[in-house]
Amino acid sequence: MTAGEPATLIAAPPGIMEPLPAQVLSVDKETHDTFTLRMEQPPGMAGFRPGQFSMLYVFGVGELPISISGDPEHPGELTYTVRSVGPVTYQLVTRQQGESAGIRGPFGTSWPMAECRGKNVLLIAGGIGLAPLRPAIYHILRHRGDFNRLVILYGARSPKDVLYKKELAAWNLLPDTQVLTTVDYGGVSWRGYVGVVTTLFKFIRLLPSETATILCGPEIMMRYAIRDLTARGFDERQIWLSMERNMRCAVGFCGHCQLGPYFACKDGPVFNFPQVKPYMDLYEL
Amino acid sequence: MIPAGVRTSLAKHPFLEGIPEPLLDKLMGMAFEVTFEPDQVIFREADPSSFFYLILSGTISVEIAMPGRVLRIQTVGEGEELGWSSIMEKVNKQFQARSLSAVKAVAFDGVRLKAECERDTDFGYFVMCRILEVVAERLRATRFQMLDVYSSRGGAA
């Protein structure tokens, strides 16, 4: 722009700067505190890629970033898996069918599905971190011929905290697909593994050089998991993870989610590990 | 007496990876094969420490039994070890172990194994280094477990 030239306002696409109202289609209980909401996709809102998130707004209460957990190739609706831990999430999970909430988005970077093509894909999820990985799983299963072996390792706190139980069991029956679930503590009725998610690494048979790894879960879990993976010969450059920090504006304006030179909301949440490696151990960040 | 097939499987067990042949021969002389049916209690808490197991197949849960409640705190399976404390004197079993599936393992008498470690220090050094790796790995996993990273506080405990 030169001196004297009038400023031009560029309109943001619908649903980026202001929330668009959307109806709740269904609310399904996953665990004692976690629910999956299917919502209509507001008209004009762009489709999403696996790994992206929305800002969900309960009018008069507040707004939160929530990862999209549904099928990216199922147009017309958006799915979110939400753990009820505060006022906004409580209001979201207690919505009734036909009630509405506001949606902004979709925002952020996505899982590297193109880079995973032709390779084995190792997905490592912890707790609610399985939700942002589910769209990637749907994508891989829909385009199965493009990917080699799929291994899903999932760690949860206890058997009652395991998400998507039926889907995990169904995926494990698919050819070239292995699903292993472990819990930190189990009762006598739990017949699966007990121990942290890294204890499952010994059961996977994947050639590190031919494997792309995607992680989502508590940061400390990802840190330990990556340490183990690299010790086993996995290439750091073939590891991607989701860094979900304190996203507020979701468009890189407010700076709340700054991570070194990056804003997690717009440069992430999905990062290639070497990008964020220097910042993962810093207490101040 | 250990059959030749079991010896081959045992030589591939991660605990014995890289073991010199004479040390493997010595271990073989102390080993015997065991199997457990699903849901069989292998040992109970406070039992005198007796056997050290290298698991060849199947899954075993390590449990804490309380009145009316059993808490599973760890599972161990193929390629792992059970009962490392049997190599220490005056230590009774700290936990209960139960097979979750049919289990095949090779067992060693802890007292005899320790005595041989003291008599043949090359053998003893090898065994103790491997035991230390097992203990270190279990300690690391326990610390990680204690963080309770999946709680709503997200490891902030």
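Before reading further, recall that the structure is shown in the block above.
Along every chain, residues carry numbers that run from 1 in the direction the sequence is written. A letter from A marks each chain and a number from 1 marks each ligand, given out in the order of writing. Residue-level local features of this predicted model are given only where pLDDT is at least 70; pairs of side-chain atoms are given and counted only at 80 or more, and the full residue set underlies all totals for whole chains, interfaces and linings. Side-chain metrics in this entry use all non-hydrogen atoms of the structure; hydrogen atoms and water are not considered.

Engineer: Help me understand empty space enclosed by the protein, please; the structure alone is not making it clear to me.
Structural biologist: Any empty space left between atoms is shown by rolling a water-sized probe over those atoms. Using protein atoms alone on a 1 Å grid, points that fit a 1.4 Å probe yet trap it form a cavity, whereas open point sets bounded by protein on both sides within 12 Å along at least five of seven lines form a pocket; residues with an atom within 4 Å of a point count as lining. Grid points are joined across faces, edges and corners, and a volume is the space filled by probe spheres set on the points. Applying the stated criterion across every chain, the model contains two cavities of 30 Å³ or more. The residue makeup of the lining of the largest cavity, split by class, is five nonpolar, three polar and four charged. Taken domain by domain, the lining of the largest cavity gets at least three of its residues from each of domain 1 (20–107) and domain 2 (113–241) of chain A. There is about 50 Å³ of room inside the second largest cavity. Around the second largest cavity, the lining residues are Val 196, Thr 198 and Tyr 224 of chain A together with Glu 137, Arg 140, Ala 141 and Phe 144 of chain B. A per-element tally of the lining of the second largest cavity places helix H4 (residues 121–146) of chain B first, with four residues. Note on residue categories: nonpolar means Ala, Val, Leu, Ile, Met, Phe, Trp, Tyr, Cys or Pro, charged means Asp, Glu, Lys or Arg, and polar means any other residue, Gly included. Residue ranges labeled as domains rest on an automatic or database domain assignment. The secondary structure listing takes helices from DSSP runs of H or I that are at least 4 residues long and strands from runs of E that are at least 2 residues long, numbered from the N terminus.

Engineer: Explain the pairing of strand E4 (residues 59–66) of chain B here, please?
Structural biologist: Side-chain positions along a regular strand alternate between the two faces of the sheet. Residues and elements named next belong to chain B. Note that E4 and strand E5 (residues 69–77) share eight bridges and pair antiparallel. For Glu 63, the partnering residue across the bridge sits in E5 and is Arg 72. For two strands to be treated as a pair, DSSP must find at least two bridges joining them. Remark: two residues form the turn of the hairpin made by E4 and E5, two consecutive strands paired antiparallel; Gly 68 in that turn has positive phi of roughly 75 degrees. Strand direction decides the pairing type here: E4 and strand E7 (residues 96–99), joined by four bridges, are antiparallel. If you follow Ser 61 over to E7, its bridge partner there is Arg 98.

Engineer: When you look at the environment of Ile 214 of chain A in this model, what are you seeing that I'm missing?
Structural biologist: All names here are of chain A. You can see Ile 214 is positioned in strand E11 (residues 211–216). Buried residues are those whose accessible area, probed at 1.4 Å on protein chains only, stays under 20% of the maximum for their type, while exposed residues exceed 50% and partly exposed ones sit between those limits. Judged by its relative accessible area of 0%, Ile 214 is buried. Taking the C-alpha atoms as reference, Ile 214 lies 7.7 Å from Trp 111; in sequence the two are 103 residues apart. Should any heavy atoms of two residues lie within 4.5 Å, those residues are counted as being in contact. With near-sequence residues (within four places) excluded, Ile 214 lies in contact with Trp 111, Pro 112, Cys 116, Leu 122, Leu 123, Ile 124, Leu 133 and Trp 240.

Engineer: Which parts of the structure should I look at to understand the layout of surface pockets?
Structural biologist: Residues and elements named next belong to chain B. Considering only enclosed or pocket space, the largest pocket measures out at about 1,500 Å³ in volume. As for the largest pocket, its lining consists of 48 residues, and the residues nearest its centre are Glu 80, Glu 81, Val 134, Glu 137 and Arg 138. Every element with two or more residues in the lining of the largest pocket is listed here: strand E3 (51–57), E5, strand E6 (81–82) and H4. It is H4 that contributes the most residues to the lining of the largest pocket, 13 residues altogether.

Engineer: So what exactly am I meant to see when it comes to the interface of chain A and chain B here?
Structural biologist: It is common to report an interface's size as the accessible area lost on association of the parts. At the interface, 29 residues of chain A touch 20 residues of chain B. In short, buried area is how much 1.4 Å probe accessible area vanishes from two parts on joining, totalled over both. Roughly 2,400 Å² is buried in total at the junction of chain A and chain B, and carbon and sulfur atoms are behind 57% of that figure. Of all residues in chain A, Tyr 185, Arg 191 and Val 194 of chain A give up the largest surface area on contact with chain B, accounting jointly for 23% of the area buried on that side. When a carboxyl oxygen of Asp or Glu lies within 4 Å of a side-chain nitrogen of Lys or Arg, that pair is called a salt bridge. Where chain A touches chain B, the interface holds three salt bridges. For the salt bridge of Arg 140 of chain B with Asp 228 of chain A, the shortest nitrogen-to-oxygen distance reads 2.9 Å. Counted as a polar contact is a pair of N or O atoms within 3.5 Å, where, for protein atoms, one must be capable of donating a hydrogen and the other of accepting one, and residues adjacent in sequence contribute only when both atoms are in side chains. Here chain A and chain B share nine residue pairs in polar contact (both at pLDDT 80 or more) between them. Those elements that provide at least two residues to the side of chain A that touches chain B are strand E8 (150–156), strand E10 (193–194) and helix H5 (219–231) of chain A. It is H5 of chain A that contributes the most residues to the side of chain A that touches chain B, four residues altogether.

Engineer: Would you mind going over the packing of aromatic side chains with me for this structure?
Structural biologist: The relative placement of two aromatic rings is captured by the distance of their centres and the angle of their planes. Any two rings among Phe, Tyr and Trp, with Trp reduced to its six-membered ring, count as a pair given centres within 6.5 Å; such a pair is stacked if its planes are under 30 degrees apart, edge-to-face if over 60, and tilted if neither. What the rule picks out here adds up to 11 aromatic pairs over all chains. Centre to centre, the rings of Phe 51 of chain B and Tyr 53 of chain B are 6.3 Å apart; their planes meet at 55 degrees, and the pair counts as tilted. Of the residues examined, Tyr 53 of chain B reaches a relative accessible area of 7% and is grouped as buried. Cluster of aromatic residues (ring-pair linked, three or more members): Phe 32, Phe 36, Phe 51 and Tyr 53 of chain B. We count a charge as sitting over a ring when the NZ of a lysine or the CZ of an arginine lies within 6 Å of the ring centre and within 35 degrees of the ring normal. Sitting above the plane of the Tyr 224 of chain A ring, Arg 227 of chain A keeps its charged end 5.2 Å from the centroid. We note Lys 93 of chain B situated over the ring of Phe 43 of chain B; from NZ or CZ to the ring centre the distance is 4.5 Å.

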